[in-house]
Amino acid sequence: MSDDHKLLPAQLQTQLIHHPYRPPAGFEALPPAVHKASTVIFSNVAAMRSRDYRHKTGYTYGLHGTPTTFTLEARIATLEGGQFCELVPSGLAALTLVGMAFLKAGDEVLLPDNSYGPNKSFAQVELAAWGITHRFYDPMDSADLAAKLSSKTRLVWFEAAGSLTMEFPDVPAAIAVIKAFAQPHARGILTAMDNTWGSGIAFCAFDLGVDVSAHALTKYPSGGSDVLMGSVVTRDEALYLLLHLCHMRLGFGVSGNDVELVLRGLNTIALRYAAQDSATCALALWLQKQDQVEAVLHPALPNSPGHATWARDCSAAACLLSIVFKPEYDQDQIDGFCDQLKLFKLGYSWAGPISLCAPYDIASMRTTAWPYKGGLVRLSVGLEALDDLRSDIAQALSAMHYSKG
Ligand SMILES: *Cc1c(COP(=O)(O)O)cnc(C)c1O
């Protein structure tokens with residue numbers, strides 16, 4: 001299902017590795033140096049007063065950037081097809097920075113009902129306490145989105161594919177609906193994408209029309225399950241300045257050592273994305289045929305919601321799939337399936353080298369109807385041998401059968 005040569009434009013794949021960093025004269029090493037600082041020394045007061053950190057033309061304080069963080073920012077902006085980037089301490093901090101930079105009391109934010117859970121909680125608790133309202137919309141129904149736009153709407157989130165349930169929304173069509181609404185109401189409505197799934201590789205969020213992309217670098221860019229970091233990217237300089245100033249006031253610094261890990265991970269991101277994508281597609285096809293399985297949710301499967309949109313907009317489908325079990329399996333049996341897996345470890349997060357699994361109760365997380373009665377388990381496919389992963393799932397499924405008698 002993935003076509004390696006079109007996974008990432010060849011030029012971008014090369015740029016990811018040949019970055020503009022220049023080592024000090026006489027020291028032609030390949031990796032960028034890890035610069036660490038709180039204080040940066042100025043040679044005189046005039047230099048101190050005139051140095052411009054806003055446009056990243058100079059260094060003023062560790063929190064406002066080092067040569068190492070600027071290098072990663074440039075590379076993430078390139079990866080995602082954007083122009084300006086801010087780094088933050090986690091993927092969740094990237095989502096909350098967008099809310100804090102662009103929303104004020106009286107505004108409303110719309111989130112897809114299948115969005116990353118903590119982004120919904122942030123709206124329900126923090127944004128609500130600041131007088132910012134929210135509504136959840138059905139990502140697969142543009143009439144529902146249209147009905148929820150109002151004169152208060154300031155920001156609309158997208159997530160493609162949706163967390164856990166993997167519906168793939170038609171983002172350009174939704175943006176057309178938003179623009180058609182915003183123009184007669186003479187109001188700017190910003191659009192933001194949680195771009196963690198596509199990672200700048202499966203599709204270009206800016207080409208789909210969004211203004212801002214937030215990305216959990218914890219996932220693919222790190223690739224090692226060993227660092228937490230996030231980024232916010234845009235092509236729009238005015239939006240970037242709002243993000244940058246808010247970022248400065250919030251004090252969202254990242255460590256040079258963590259940045260180094262992500263820079264290392266980026267060298268292999270395209271290869272890892274392709275390998276994990278093809279293993280996940282193979283497991284999804286196989287799982288569909290297993291007796292215990294009601295449905296496999298994965299946008300490259302023809303019966304997965306939004307498959308045609310995925311096929312139009314994407315070159316790959318990441319390392320996630322969700323299994324919906326037949327309704328005759330109760331939660332204890334589904335928990336038993338997870339406990340029985342040996343190579344798939346129980347844990348949160350994804351896109352690391354080790355395969356992971358976690359059970360979720362989707363009905364309790366949704367405001368819109370959820371069509372399935374059976375329980376759901378999400379798998380993140382790592383870099384183990386495909387046959388070993390398939391055998392591991394097979395033995396856990398057959399243990400389920402056995403416990404049914
Ligand atoms: C993991 C994840 C995040 C948050 O990233 P952290 O670095 O764990 O805070 C945000 N969005 C999506 C879709 C994610 O999967």
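The structure presented is a predicted model; accordingly, all values stated were derived computationally and were not measured.

(A) Looking closely at the sheet that holds strand β5 (residues 190-194). Strand order in the open sheet formed by seven strands is β1-β7-β6-β5-β4-β2-β3, and the pairing between neighbours is mixed. Lying at the two open borders of the sheet, with one neighbouring strand each, are β1 (84-88) and β3 (133-137). Averaged over all neighbouring strand pairs, the angle between strand axes comes to 20°, with direction disregarded. The pairing of strand β4 (residues 153-159) with β5 spans five bridges and is parallel.

(B) View of the site of the ligand. For the ligand, the set of nearby residues contains 14 residues, the closest of which are G91, D194, T218, K219 and W350. At 2.8 Å from an oxygen atom of the ligand is found a main-chain nitrogen or oxygen belonging to L92. Side-chain polar atom of K219 to an oxygen atom of the ligand: 2.8 Å apart, as the coordinates give it. Isolated, the ligand exposes 380 Å² of accessible area, and the fraction of that covered by the protein chains is 89%. For the shell around the ligand, the leading source of residues is helix α5 (residues 91-102), giving three residues. Of the residues that constitute the shell around the ligand, the class distribution is six nonpolar, five polar and three charged.

(C) Quick peek at the packing of aromatic side chains. Counted under the stated rule, the structure contains ten aromatic pairs. Between F84 and Y240, the ring centres sit 4.9 Å apart and the planes meet at 20°, which makes this aromatic pair stacked. Note that F84 is positioned in strand β1 and Y240 in helix α10 (residues 237-250), a separation of 156 residues in sequence. Since its relative accessible area comes to 16%, F84 is described here as buried. For Y240, a relative accessible area of 5% translates into the label buried. For the ring pair F325 and Y329, a centre distance of 6.5 Å and an interplane angle of 65° mean the geometry is edge-to-face.

(D) Structural context of the UniProt feature "modified residue: N6-(pyridoxal phosphate)lysine" (unreviewed entry) in the protein. Here, the residues flagged by UniProt with the feature "modified residue: N6-(pyridoxal phosphate)lysine" (unreviewed entry) are K219. Among the secondary structure elements, K219 is positioned in the loop between β6 (212-216) and β7 (230-234). Residues contacting K219, with those up to four places away along its chain left out, are T196, S349, W350 and A351.

(E) Molecular detail of the pairing of β1. Of all five residues in β1, five are buried, a share of seventy percent or more. Of the two faces of β1, the one lined by F84, E86 and V88 and the one lined by C85 and L87 are each fully buried. When β1 meets β7, the two strands line up antiparallel, connected through five bridges. Looking across to β7, one finds that L87 is bridged to S231.

(F) Summary view of the packing of α5 against helix α6 (residues 117-129). For the pair α5 and α6, the least separation of the axes is 10 Å and the interaxial angle reads 35°. Considering only the axes of α5 and α6, their crossing is right-handed. Note on element contacts: α6 touches α5 through P118, N119 and F122, opposite L92, L95, T96, G99 and M100. Among the residues making up the contact of α5 with α6, the classes are represented as five nonpolar, three polar and no charged.

(G) Molecular detail of helix α11 (residues 256-266). Buried residues of α11: G256, V259, V262, L263, G265 and L266, and no others. Where α11 begins, the side chain of S255 points an oxygen toward the backbone nitrogen of N257, at a separation of 3.1 Å.

(H) Fine view of the side chain of E86. Structurally, E86 is set in strand β1. Within the structure, the side chain of E86 is placed 2.5 Å from the side chain of H244, a separation counted as a polar contact. Separated by 3.1 Å, the side chains of E86 and H247 make a polar contact. The residues touching E86, leaving out its near neighbours within four places in the chain, are K56, E73, L97, G230, S231, V232, Y240, L243, H244 and H247.

About the thresholds
Each chain has its residues counted from 1, following the order in which its sequence is written. Reporting in this predicted model follows two pLDDT cut-offs: at least 70 for local features of residues, and 80 or more for side-chain atom pairs to be given and counted; totals over whole chains, interfaces and linings ignore these cut-offs and use all residues. The side-chain numbers reported here are obtained from all heavy atoms of the structure, hydrogens and water having been left aside. Between any two strands, pairing holds if DSSP finds at least two bridges. Helix numbers and strand numbers start at the N terminus; a helix is a DSSP run of H or I with at least 4 residues, a strand a run of E with at least 2. To obtain an axis, a line is fitted to C-alpha atoms, over the contacting stretch when the element is a helix, and the angle between two such axes runs from 0 to 180 degrees between their N-to-C directions. Throughout, near means a residue has at least one heavy atom within 4 Å of the molecule or strand. Here a polar contact means two N or O atoms within 3.5 Å. Within protein one must be a hydrogen donor candidate and the other an acceptor candidate, and residues neighboring in sequence count only if both atoms are side-chain atoms. Per-residue and other accessible areas were derived by the Shrake-Rupley procedure at a 1.4 Å probe size, with only the shown protein chains allowed to occlude residues. The nonpolar class holds Ala, Val, Leu, Ile, Met, Phe, Trp, Tyr, Cys and Pro. Asp, Glu, Lys and Arg form the charged class, and all remaining residues, Gly among them, are polar. Any pair of Phe, Tyr and Trp rings, taking the six-membered ring for Trp, is counted once the centres come within 6.5 Å. Such a pair is stacked with planes under 30 degrees apart, edge-to-face with planes over 60 apart, and tilted for the rest. Partly exposed residues are those whose accessible area sits between 20% and 50% of the maximum for their type, while under 20% is buried and over 50% is exposed, using a 1.4 Å probe and protein chains only. UniProt positions are given in the numbering used here, feature names are shortened, and annotations may be inferred rather than shown by experiment. In what follows, a contact means two residues having at least one pair of non-hydrogen atoms within 4.5 Å. Crossing handedness is defined as follows: a turn of the near helix away from the far one that is anticlockwise and smaller than a right angle gives a left-handed crossing, while the clockwise case is right-handed.

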